[in-house]
Amino acid sequence: MKGFDVVIIGGGTAGICAAARIKRSSPKLSVTIIEPSGNHFYQPAFTFIAAGLMNPQHIARPMSDVIPEGCAWIRDTVSVIDAEQNQIHLSGGEKILYKALIVAPGLSVDFESIAGLPDALNDRRHPVCSIYDTTNLKKFSELFSQFIGGTVVFSMPSGPLKCPSASLKIMILADDLLRKAGVREVTRMIYVTPYSSLFAVEGFSQTMTEVVRKRGIDVLFEHEIAKIDLRNQTLHVAPSTEAAAQRNIKTIKYDLAHVTPRMKAPQMIAESNLHHQDGYFQNWMNVDPQTLQHQKFINIFAAGDVAGLPTMKTATGARAQAEVVAENICFLFKKGAQAPLPRKYDGYTCCPLITEIGRIIHPELGYEGKLLSKIPLNPFVPRKSLWVYNTSLLPKLYWNFMLKGLL
Ligand SMILES: Cc1cc2nc3c(=O)[nH]c(=O)nc-3n(C[C@H](O)[C@H](O)[C@H](O)COP(=O)(O)OP(=O)(O)OC[C@H]3O[C@@H](n4cnc5c(N)ncnc54)[C@H](O)[C@@H]3O)c2cc1C
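Residues numbered from 1 in each chain as written. Predicted model: local features only at pLDDT ≥ 70, side-chain atom pairs only at ≥ 80, totals over all residues.

Next up on the list: the domain arrangement of the protein. Under the domain assignment, the protein is made up of domain 1 (2-107 + 266-345 + 397-404) and domain 2 (110-263). Inter-centroid distance (C-alpha atoms) of domain 1 to domain 2 is 31 Å. The partner domain 2 presents 16 residues to the 15 residues of domain 1 that form the contact. In terms of residue count, helix α2 (residues 45-50) provides more of the side of domain 1 that touches domain 2 than any other element does, 4 residues in total. Of the residues in the side of domain 1 that touches domain 2, the class split is 10 nonpolar, 3 polar and 2 charged. (Domains from an automatic or database assignment. Contact = placed C-beta atoms within 7 Å. Helix = DSSP H or I, 4+ residues; strand = E, 2+ residues; numbered from the N terminus. Nonpolar A, V, L, I, M, F, W, Y, C, P; charged D, E, K, R; others polar.)

Below, the discussion takes up the pairing of strand β12 (residues 187-192). Here strand β11 (residues 150-155) runs beside β12; their pairing, made up of 6 bridges, is parallel. Directly across from Thr 151, in β12, lies its bridge partner Arg 188. In this fold, β11 hands off to helix α6 (residues 166-180), which returns the chain to β12; that crossover is right-handed. As for the winding sense of the linkage, the β-α-β connection from β12 through helix α7 (residues 202-215) to strand β13 (residues 218-220) is right-handed. (Pairing = 2+ DSSP bridges. Right-handed = clockwise from strand over helix to strand, strands pointing away.)

Moving on to the pairing of strand β15 (residues 234-239). Only one face of β15 is buried: it carries Leu 235, Val 237 and Pro 239, and the other face, with Thr 234, His 236 and Ala 238, is open. Examined bridge by bridge, strand β14 (residues 223-229) and β15 share 6 bridges and lie antiparallel to one another. Of the residues in β15, the one forming a bridge with Ile 225 is Val 237. As consecutive antiparallel partners, β14 and β15 are separated by 4 residues, and within that stretch Gln 233 has a phi angle of approximately 45 degrees, a positive value. By the bridge criterion, 3 bridges tie β15 to strand β16 (residues 251-253) in an arrangement that is antiparallel. Paired with Thr 234 across the two strands is Lys 253, which belongs to β16. (Buried ≥ 20, exposed ≤ 12 C-beta atoms within 10 Å, placed from the backbone.)

So, on to the sheet that holds strand β17 (residues 256-258). Taken in spatial order, the 5 strands line up as β10-β17-β11-β12-β13 in an open sheet, and their pairing is parallel. Whereas interior strands pair on both sides, the edge strands pair on one side only; in this sheet they are β10 (128-129) and β13. Across 3 bridges, the pairing between β12 and β13 is parallel. Bridge pairing in β13 links Val 192 to Leu 220.

Our next topic: the site of the ligand. Taken together, 36 residues surround the ligand, and among them Gly 10, Gly 12, Gln 43, Gly 106 and Gly 304 come closest. Grouping the constituent residues of the shell around the ligand by class yields 19 nonpolar, 13 polar and 4 charged. Structurally, the shell around the ligand is a two-domain feature, drawing no fewer than three residues from each of domain 1 (2-107 + 266-345 + 397-404) and domain 2 (110-263). (Near = placed C-beta within 6 Å.)

As structure tokens, this is what we get:
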């Protein structure tokens, strides 16, 4: 049976960043990444590419180009982790031994959580799209560029999800695109959210409430899409609170809809018994929120979307977690398990909010919504510089520095 010092499950943002940092800091450690996909995706670009505002070349690179030098790549899928035996089982039948394991397989977008959604997305002519489906980005562009007016619905689901601001971001971009096309005056826009505010942290929520009000977008708070009736082009919504149930809103007719489905932890985590047993993070990886070490197995860590952590799931967060995990693992190899782990994650994440084409706000937050702004400017003010940063500079930093463990 093959064995390695460090095995990393997933060659996404967290997995590649962690691998690069471990190799830089401890070159003698053997590091293997297990990843089935032939391409690595820079997902923050999805929103801009769907809206036709970013060059599609930013979106993907061959996996072989991003696997850090000196690391091995096994092109397979992990089916289960046997933590008691320090081994993982691959779907191809092989077993791999590890001394330390980083679990970074991201999350699963649960398209089935909304009845009718898979059929609506797969039907090229049906006016429902989602930027959470890589194969649907072109459909978004086509539907919005051909739209001639009517009711457009955008939605956000409940539960943990990656880039929780993505549904708001794409809606603001769509609003501007419809204005440019001259059809906004004959369009009603509705945003459906299970929550009672537009963002989890008050100051940012206030800014977005004002943006949405000025744009004349209606918000249906405390409701979630449960079902799509394709034939009648109707969304069935469910209330998320008692108060909302009293309003008795059951359906919305749509001419065009952008739907964000619920998301869930990869099934393999619960099957491997490494998950939170209950609560909001049920089935997500159960790691210490600071060291990112598994609560039971000291040689297992998690980074990225898979971790059950009370912070927003973003690439920025995944990068920061990878840094902490890499340093703690290298320390374990050098000093053994007795000494306390040196690096602590403060929950740092950044989930950009777009207020118009050309301006962005950066909610840089830590645990409990603590402001952790790296830029010494008022974080609630939309800025042109942050638009340039997100659309031009950040993709270059991502491919050339972050994935190489240099940033
Ligand atoms: C539309 C959209 C907009 C976004 N916008 C932003 C943004 O503006 N800013 C931001 O910071 N973040 C944004 N994000 C979120 C960000 O992309 C993710 O949070 C980030 O990619 C998480 O990194 P990860 O490594 O945990 O998962 P991923 O990058 O998704 O990688 C997981 C990898 O694991 C592999 N894998 C899965 N299962 C297995 C298995 N069983 N065995 C082996 N390998 C497996 C997958 O193939 C994949 O390559 C956005 C995401 C989307 C979809």
